[in-house]
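Okay, here's what each chain looks like letter by letter:
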Amino acid sequence: MKLLNPGPVTLSERVRHALLREDLCHREPEFTELQQRIRAALLNVYDLDPAEWTAILLTGSGTAAVEAMLSSLVPTNGRLAVVANGVYGERMARIAETYGIGTAHAAHGWTEAIDVSRLDADARQIAVVQHETTTGRLNDLNAVATAALDARLLIDAVSSFGAEAIDFEGCRIDALAGTANKCLHGVPGTSFVIARRAVIERTAARTVYLNLATYLTAQDAGSTPFTQSVQSFYALDAALAELAETGGWQRRREHYRRLMHRVRDGLAALGIEPLLPDGESSCVLNAFHLPKDLGYAALHDHLKRAGYVIYAGQGEFAQSIFRIAVMGALVDDDIERLLGTIRSIV
Ligand SMILES: *Cc1c(COP(=O)(O)O)cnc(C)c1O
C-alpha cells in the first residue's frame, strides 16, 4: 500500500528494518546515545547551532509537540496571537485557550492567505502554521515576521519540517513543533520541539507531562522524564540518517516538487483542478476539487483497491476536495500508476 495521506508515510525498507533493532531499556546508556544522536541530527537538518538551539524529544503525535510548545513557552500572563487559516491554526487557538493563555485569534477563511493587517499589534508572540495541511497552503512566515517586528514566532512545522525552507533568524523563530512521521519519514510516536535555549529558560509550567523545561533538563543529562517510544526512536534515527545521506531537506523538497508537479499536471489533463495555485502551495501536499459526479468515497475506494490511500477534505471541504501528499518512500512510477488509476475512473 502507498500512503498518500499526510502522515503516517510509506516507510523505506531501512526505516522499517530499524524497528527490529534489539530491545532496549530507556534507562540504559545505549538509549542515551540514541536520544542524543537524534537530537543532534534534528538540529543538523537546518544547520542550527547547538549552543543556541536545542531539540527536545517527546513521545506523542505532532499535536503533543504543538501543545508542549504553546503551553510551555508563552510566559505566565503572556499574550499570544494565533493566526489561523485552517484546522491546525484553529487547533493552536483551542490549545492556547484551554490553557487559559490570553489569545488574540486572527481567524481566516480556509482558502485565504494570511492577512497580516489582522495581527494583534500588542502580541509579543505569534503562533502560526507553516504548512496548513487543511488546504496545502504554504503560509508566508516572512510576511508575518515583517508585519510584527516586536513579536517572536512559535511555528507549527509538523507537516513542513524536513522539506520546506525555514528561515529561523529572518523570521525571529523562538521555537517550532515537528514530528517523526511526516517529511522526516519516520513512524508515528515521536514528536519534537526545537527551541532557542534562552527561551526554554523562561518557561511556564502549565502541564506536568508536556512541560518542556522538565524534558530539557532530563535530556541534557542524558535521561528522560518519562518512558519514550524506543522503537519509534530507532525508526527516526534511521530516517534522519537517510535524509542526510540523500542530500538533506533541499533535495527532499526537489523530489517532492517533482512528484507534486507531475500530480498537478496529470490531474489537470483530466480536468481536475487544484484548490490553490502552485505558487501558494507546499511541495508536501496539495488539495484538488473532486470532479462533478464523483464522490470522495468512490474515488478513495477505487484507489485503495489499486494500492493507494488518499485523504479526504476536513470540515467545510469534506464533500468537495481530496488531498494528495507525496511524503514517504515514493518514486516517479508510483505517481504514474496513481494517475493511470485515476484516469480509469474519471
Ligand atoms: C499532522 C499535523 C499536525 C499533528 O497531527 P497529529 O495527528 O497530532 O500528528 C499538526 N499540525 C499540522 C500542520 C499537521 O499537518
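Residues numbered from 1 in each chain as written. Predicted model: local features only at pLDDT ≥ 70, side-chain atom pairs only at ≥ 80, totals over all residues. Heavy atoms only, no water.

Notes on the site of the ligand
No. 1: Near the ligand the following residues occur: Ser61, Gly62, Thr63, Tyr88, Arg91, Val129, His131, Thr133, Asp156, Val158, Ser159 and Lys182.
No. 2: Here Ser61 contributes a side-chain N or O atom positioned 2.5 Å from an oxygen atom of the ligand.
No. 3: In the model, an oxygen atom of the ligand is placed 3.0 Å from a nitrogen or oxygen of the Gly62 main chain.
No. 4: Starting from 380 Å² of accessible surface for the ligand in isolation, the protein chains cover 84%.
No. 5: Secondary structure elements with two or more residues in the shell around the ligand: helix 3 (62–73) and helix 4 (87–98). (Near = heavy atom within 4 Å. Polar contact = N/O pair within 3.5 Å; in protein donor to acceptor, adjacent residues only side chain to side chain. Areas by Shrake-Rupley, 256 points an atom, 1.4 Å probe, with all protein chains shown as cover. Helix = DSSP H or I, 4+ residues; strand = E, 2+ residues; numbered from the N terminus.)

Quick word on the packing of helix 3 against helix 4
No. 1: Packing of helix 3 against helix 4 brings their axes to within 10 Å, and their N-to-C directions diverge by 50°. As the angle between them shows, helix 3 and helix 4 are arranged oblique. Handedness of the crossing formed by helix 3 with helix 4: right-handed. Across the interface between the two elements, Thr63, Val66, Glu67 and Leu70 from helix 3 touch Arg91, Met92 and Ile95 from helix 4.
No. 2: Class assignment of the residues belonging to the contact of helix 3 with helix 4 gives a composition of four nonpolar, one polar and two charged. (Axes fitted to C-alpha atoms, helices over the stretch in contact; angles between N-to-C directions. Parallel < 35°, antiparallel > 145°, perpendicular 65-115°, else oblique. Left-handed = near helix turned anticlockwise from the far one by under 90°. Contact = heavy atoms within 4.5 Å. Nonpolar A, V, L, I, M, F, W, Y, C, P; charged D, E, K, R; others polar.)

What about the sheet that holds strand 14 (residues 321–325)?
No. 1: Judged by pairing direction, the sheet is antiparallel, and its three strands sit side by side in the order 11-14-13 without closing on themselves. Strands with a single pairing partner mark the edges of an open sheet, and in this sheet they are strand 11 (285–289) and strand 13 (311–312).
No. 2: When strand 11 meets strand 14, the two strands line up antiparallel, connected through five bridges. Each residue of the ladder has a partner; that of Asn286, found in strand 14, is Ile324. (Pairing = 2+ DSSP bridges.)

Focus on the nonpolar core
No. 1: Core analysis: the biggest nonpolar cluster contains 82 residues, and Leu42, Phe161, Ile194 and Phe322 have the highest contact counts within it.
No. 2: With nine residues, the top contributor of residues to this core is helix 8 (residues 230–245).
No. 3: Membership of the second largest hydrophobic core comes to 39 residues, among which are Ala65, Leu80, Leu154 and Val193. (Core = buried A, V, L, I, M, F, W, Y, C linked by side-chain atoms within 4.5 Å. Buried < 20%, exposed > 50% of the residue type's maximum accessible area, 1.4 Å probe, protein only.)

Things to note about the pattern of salt bridges
No. 1: Using the criterion set out here, one finds 20 salt bridges in the structure.
No. 2: Put simply, Glu112 and Arg118 hold a salt bridge, and the shortest N to O gap is 3.0 Å.
No. 3: One salt bridge connects Arg196 with Glu169, and the closest N-O pair in it is separated by 3.5 Å. Taken together, the positions of Arg196 in strand 10 (residues 190–196) and Glu169 in the loop between strand 8 (152–156) and strand 9 (173–179) put the pair 27 residues apart, joining distant regions of the chain.
No. 4: Exposure remark for Arg196: the relative accessible area of 7% places this residue in the buried category.
No. 5: Among the ionic contacts, a cluster of salt bridges with common partners joins Glu52, Arg152, Glu169, Asp174 and Arg196. (Salt bridge = Lys/Arg side-chain N within 4 Å of Asp/Glu carboxyl O.)

What about the packing of aromatic side chains?
No. 1: Taken as a whole, this structure holds eleven aromatic pairs when the rule is applied.
No. 2: Between Trp110 and Phe317, the aromatic rings sit 6.0 Å apart at their centres with planes inclined by 50°, giving tilted as the arrangement. Linking Trp110 in the loop between strand 4 (102–107) and strand 5 (125–129) with Phe317 in the loop between strand 13 and strand 14, this pair joins segments that are 207 residues apart in sequence.
No. 3: Residue Trp110 is classed as buried on the basis of its relative accessible area, which comes to 11%. (Phe/Tyr/Trp six-rings, centres within 6.5 Å; stacked < 30°, edge-to-face > 60°.)

A few points about the pairing of strand 4
No. 1: As paired elements, strand 3 (residues 79–84) and strand 4 share six bridges and run parallel to each other. Its bridge partner lying in strand 4, Val82 is registered against His105.
No. 2: On the question of chirality, the crossover connecting strand 3 to the parallel strand 4 by way of helix 4 is right-handed. (Right-handed = clockwise from strand over helix to strand, strands pointing away.)

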